[in-house]
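# An overview of the molecular structure
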Amino acid sequence: MSYNKEAYEAKKLSDPDYHRRRVYNLRYPDGDFDGYNSATHCVICERPFEPTGMQRKVQDHSHETGKTRGVICHYCNANLAYVDRIGIATLVKYYEENS
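Attention in this report is confined to the structure presented alongside it.

The next thing to look at is the pairing of strand β2 (residues 68-73). Where strand β1 (residues 57-61) and β2 come together, 5 bridges link them in antiparallel fashion. Residue pairing across strands places V58 opposite I72, the latter belonging to β2. Two successive antiparallel strands, β1 and β2, enclose a turn made up of 6 residues, where G66 displays a positive phi of approximately 80 degrees.

Printed below as a string of structure tokens:
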């Protein structure tokens, strides 16, 4: 079976949670998607979401446990990936020693 982009995009439009379930195996408790669907601002930087680009809405989650953490913008999500990789203690130490 080959990849059909049009069918995938149509499925994403008809089922807002399809991509998160298929790619990340994310599910919301009791099927409650309101936290994601109704979010208007990033919980980290507090900027409003935009349809595309770095301010688009993403579901933050732990790659180790799969647990969802919050609805944030792509920019903050990308920065969290660096923090996860390096470790917060290392970043704080560097910042304190070089401020």
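Having put the structure on the table, let's press on.
On to the pattern of salt bridges, then. A side chain with one charge may pair with a side chain of the opposite charge, provided their charged atoms come close. Tallied over the full model, the rule gives 2 salt bridges. D60 is the partner of R69 in a salt bridge, and the nearest nitrogen-oxygen pair spans 2.9 Å. Across the salt bridge formed by R69 and D84, the nearest N and O atoms sit 3.9 Å from each other. With R69 in strand β2 and D84 in helix α4 (residues 74-86), this residue pair connects regions lying 15 residues apart in the sequence.

Right, let's talk about the packing of aromatic side chains for a bit. Each aromatic ring pair is characterised by the separation of its centres together with the angle its planes make. The tally for this structure, following the rule as stated, stands at 0 aromatic pairs. Over the ring of Y36 we find K57, and its NZ or CZ is 5.1 Å from the ring centre.

Before going further, it helps to examine α4. Helix length check: α4 (13 residues) gives 19 Å between terminal C-alpha atoms against 18 Å at 1.5 Å per residue, within 8%. Just downstream of α4, G87 is the residue with a positive phi angle, here 100 degrees.

So, on to the nonpolar core. Listed in full, the 9 residues of the largest apolar core are Y36, A39, C42, F49, V58, V71, I72, C73 and C76. A total of 3 residues in this core trace back to one element, the largest contributor, which is β2. With sequence-adjacent residues up to four places away left out, C73 is seen in contact with C42, C45, F49, M54, Q55, R56 and V58.

Now for the side chain of Q55. With respect to the helices and strands, Q55 occurs in the loop between α3 (34-37) and β1. When neighbours within four sequence positions are excluded, Q55 is seen to be in contact with C45, R47, P48, F49, E50, C73 and Y75.

Positionally, Q59 belongs in strand β1. Overall, Q59 belongs to the buried group, its relative accessible area being 9%. Within the local environment of Q59, its side chain forms a polar contact with the backbone oxygen of G70, the two atoms lying 3.0 Å apart.

A word on unusual backbone geometry. Backbone geometry at E46 places phi at a positive 65 degrees, although glycine is not the residue there. Mapped onto the secondary structure, E46 falls in the loop between α3 and β1. Residue classification places E46 among the exposed residues on the basis of a relative accessible area of 61%.

Cut-offs and rules
- Residues numbered from 1 in each chain as written.
- Predicted model: local features only at pLDDT ≥ 70, side-chain atom pairs only at ≥ 80, totals over all residues.
- Heavy atoms only, no water.
- Pairing = 2+ DSSP bridges.
- Helix = DSSP H or I, 4+ residues; strand = E, 2+ residues; numbered from the N terminus.
- Salt bridge = Lys/Arg side-chain N within 4 Å of Asp/Glu carboxyl O.
- Phe/Tyr/Trp six-rings, centres within 6.5 Å; stacked < 30°, edge-to-face > 60°.
- Lys NZ or Arg CZ within 6 Å of the ring centre and 35° of its normal.
- Expected span 1.5 Å × (residues − 1).
- Core = buried A, V, L, I, M, F, W, Y, C linked by side-chain atoms within 4.5 Å.
- Buried < 20%, exposed > 50% of the residue type's maximum accessible area, 1.4 Å probe, protein only.
- Contact = heavy atoms within 4.5 Å.
- Polar contact = N/O pair within 3.5 Å; in protein donor to acceptor, adjacent residues only side chain to side chain.

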